[in-house]
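If you want the building blocks of each chain, they are given just below.
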Amino acid sequence: MKNIIGAKPSPAAAEVRFLTVDGESAGQRLDNFLFRQLKGVPKTHVYRIIRSGEVRINKGRVQAETRLAEGDVLRLPPVRVSARGAEGGLPPAPAREFPLLYEDDALLAIDKPAGVAVHGGSGVSFGVIEQLRTARPAARFLELVHRLDRETSGILLVAKKRSALTALQDQFRERETGKTYLALVEGCWPANKKVLDAPLAKYLLPGQAGSAEPGERRVRVVAKDHPDAMRAVTLVKVLARVALPADAASFSLLAVTIKTGRTHQIRVHLASGGHAIAGDDKYGDFERNRALQKLGLKRMFLHAWRLQFTHPASGERMALQADLPPELHALMPQAALDALAAHPSTASHT
């Protein structure tokens with residue numbers, strides 16, 4: 001059975017289907033595309049059929065974050081969709097607007113809080129993009145340009161036009177954007193350790209005993225000749241040495257600029273150097289994190305601080321900044337805040 005995107009197959013269809021991607025769907029992530037095609041199918045099941053290789057593009061295995069291109073042919077395995085889901089009966093995500101850093105006809109930039117996923121999936125019912133769509137029912141197009149980890153706060157771009165999405169994603173892919181994060185790490189980061197160029201590879205933790213589900217996804221530093229190695233380059237600048245009240249340990253406040261956008265790149269690169277991000281529950285130290293929670297740090301100290309890109313319509317070079325959120329600002333001694341204020345900024349829209 002072969003369909004062109006836009007056709008409405010039977011919700012109870014239980015046979016292999018082949019869909020051809022049209023121009024309107026080009027540029028979307030595979031998982032987001034499937035969520036819309038397979039309404040009523042649990043997102044955990046959508047991720048399962050992707051991981052198992054049952055979903056294919058042009059006969060090849062793919063990942064959830066694979067971007068679709070016009071003319072791609074998708075193979076979908078037999079999936080039974082509930083009538084309730086096919087009719088749109090599933091409850092929508094609750095409407096929510098987020099602090100705006102910038103908005104025009106082409107895009108919007110928000111200051112994402114920590115603890116909020118950017119999109120639904122992997123055990124999360126909804127995220128920023130679903131909540132924005134509910135809050136803005138008249139918006140014809142809203143798509144994430146890039147992602148931030150759920151635990152990371154800061155600048156997140158959302159495209160309001162297909163042309164803006166494609167142009168901005170091209171910039172991210174071609175490394176034409178400037179992305180700088182603030183990270184508080186354990187210990188004294190060596191001031192001369194400024195470039196981290198270490199390949200990364202994804203892997204899965206063992207699943208729970210008796211469960212067919214794989215474990216959580218993780219990332220690690222690997223050798224350059226590793227079959228799954230992806231080059232990752234991170235630039236680090238020490239902004240301040242930090243001591244937290246009632247804690248004997250030393251910390252370093254870093255400005256971290258990434259030249260590649262790998263999953264968990266900053267977290268893994270910093271932790272592999274012996275300086276895990278404070279509060280990181282995946283790559284940090286469990287006991288240290290418990291101690292830091294008692295001091296008031298109840299989240300990971302990683303914040304998408306500054307972002308530079310070229311506006312997709314005007315061609316203007318944009319520079320946005322999201323200040324430290326209150327829960328992180330309150331932990332910083334005045335000397336560290338002064339160092340932040342003194343750090344050169346090219347922000348043109350704040």
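Chains are numbered independently. Their residues run from 1 in the order of the written sequence. Whole-chain, interface and lining totals are the exception, using all residues; otherwise, since this is a predicted model, local features are given only for residues with pLDDT of at least 70 and side-chain atom pairs are given and counted only at 80 or more. Just so you know, side-chain values use all the structure's heavy atoms and leave hydrogens and water out.

Participant: What am I meant to see in the overall build of the chain here?
Facilitator: Strands are runs of DSSP state E lasting at least two residues, helices are runs of H or I lasting at least four, and both sets are numbered from the N terminus onward. A count of helices and strands for the chain gives nine helices and 17 strands. Looking at the chain as a whole, 49% of its 350 residues are labelled buried. Three labels apply to residues, based on accessible area from a 1.4 Å probe with only protein chains included: buried if under 20% of the type maximum, exposed if over 50%, partly exposed otherwise in between.

Participant: Explain the side chain of E143 to me, please; I cannot follow it from the model alone.
Facilitator: Structurally, the position occupied by E143 is in strand β8 (residues 143–144). Each polar contact in these results corresponds to two N or O atoms within 3.5 Å; when the atoms are within protein, one needs to be able to donate a hydrogen and the other to accept it, and residues that are neighboring in sequence are counted only if both atoms are side-chain atoms. At a separation of 3.2 Å, a polar atom in the side chain of E143 contacts the side chain of R133. Throughout, a residue-residue contact means that at least one pair of heavy atoms, one from each residue, lies within 4.5 Å. Excluding residues within four positions of it along the chain, E143 makes contact with Q28, R36, I129, R133, V158, A159 and L165.

Participant: Can you walk me through the nonpolar core in this structure?
Facilitator: The nonpolar side chains of a soluble globular protein tend to be buried, and buried together. Throughout, nonpolar core names a set of buried Ala, Val, Leu, Ile, Met, Phe, Trp, Tyr and Cys residues whose side chains join them through atoms within 4.5 Å. One finds V242, L253, L270, I277, F301 and M332 to be the most contacted residues of the largest nonpolar core, which totals 49 residues. Tallying contributions element by element places strand β15 (residues 250–258) first for this core, with six residues. In this structure M332 touches L184, V242, L244, L253, F301, L324 and L337, once residues within four positions along its chain are discounted. Counting residues in hydrophobic clusters, the runner-up holds 20 residues, among them V41, V55, L76 and V79.

Participant: Just checking my understanding: could you explain the pattern of salt bridges for this structure?
Facilitator: Pairing of side chains with opposite charge becomes possible as their charged atoms draw close. Here a salt bridge means any side-chain nitrogen of Lys or Arg lying within 4 Å of a carboxyl oxygen belonging to Asp or Glu. One pass over the full model with this rule turns up 17 salt bridges. A salt bridge links D197 to R231, with the shortest nitrogen-to-oxygen separation between them at 2.6 Å. In this pair, D197 sits in strand β11 (residues 195–197) while R231 sits in the loop between β13 (217–221) and β14 (233–243), placing the two residues 34 residues apart along the sequence. On the accessibility criterion, D197 (36% relative accessible area) is partly exposed. The class of R231 is partly exposed, set by a relative accessible area of 48%.

Participant: Explanation requested: the packing of aromatic side chains in the structure shown.
Facilitator: The geometry of an aromatic ring pair is captured by two quantities: the separation of the ring centres and the angle between the planes. Paired rings are identified among Phe, Tyr and Trp, the last through its six-membered ring, by centres lying within 6.5 Å, and are further divided according to the angle between planes into stacked (under 30 degrees), edge-to-face (over 60) and tilted (the rest). All chains considered together, the criterion is met by one aromatic pair. Ring centres of F35 and Y47 lie 5.7 Å apart, and the angle between their planes is 70 degrees; on these two criteria the pair is classed as edge-to-face. Placement of the pair is F35 in helix α1 (residues 30–37) and Y47 in helix α2 (residues 43–51), with a sequence separation of twelve residues. Lysine and arginine charges are scored as sitting over a ring when NZ or CZ, respectively, is within 6 Å of the ring centre and within 35 degrees of the ring normal. Sitting over the face of the ring of W189, K193 holds its NZ or CZ atom 5.1 Å from the ring centroid. Positioned above the aromatic ring of Y203 is the side chain of R220, whose terminal nitrogen or guanidinium carbon lies 4.3 Å from the ring centre.

Participant: So what exactly am I meant to see when it comes to α2 here?
Facilitator: An α-helical turn contains 3.6 residues, so a residue and the one three or four places further along point in the same direction. Considered for burial, the residues of α2 that qualify are V46, Y47, I49 and I50. The buried residues of α2 all sit within an arc of 165 degrees when viewed along its axis, so they share a single face. Contacts from the buried residues of α2 go to α1. Following α2 by one or two positions, G53 has its phi on the positive side, about 90 degrees. What the arc describes is the spread of directions from the helix axis to the C-beta atoms.

Participant: I'm lost on unusual backbone geometry in this one. Help?
Facilitator: Across the chain, the bulk of peptide bonds are trans and the bulk of non-glycine residues have phi less than zero. Unusually for a residue other than glycine, K59 sits at a positive phi of about 75 degrees. You can see K59 is positioned in the loop between β3 (56–57) and β4 (60–61). Classification of K59 by relative accessible area gives exposed; the value is 76%. With a phi close to 55 degrees, H264 is a non-glycine residue in the positive phi region. By the element assignment, H264 lies in the loop between β15 and α6 (265–272). The exposure class assigned to H264 is buried, which follows from its relative accessible area of 9%.

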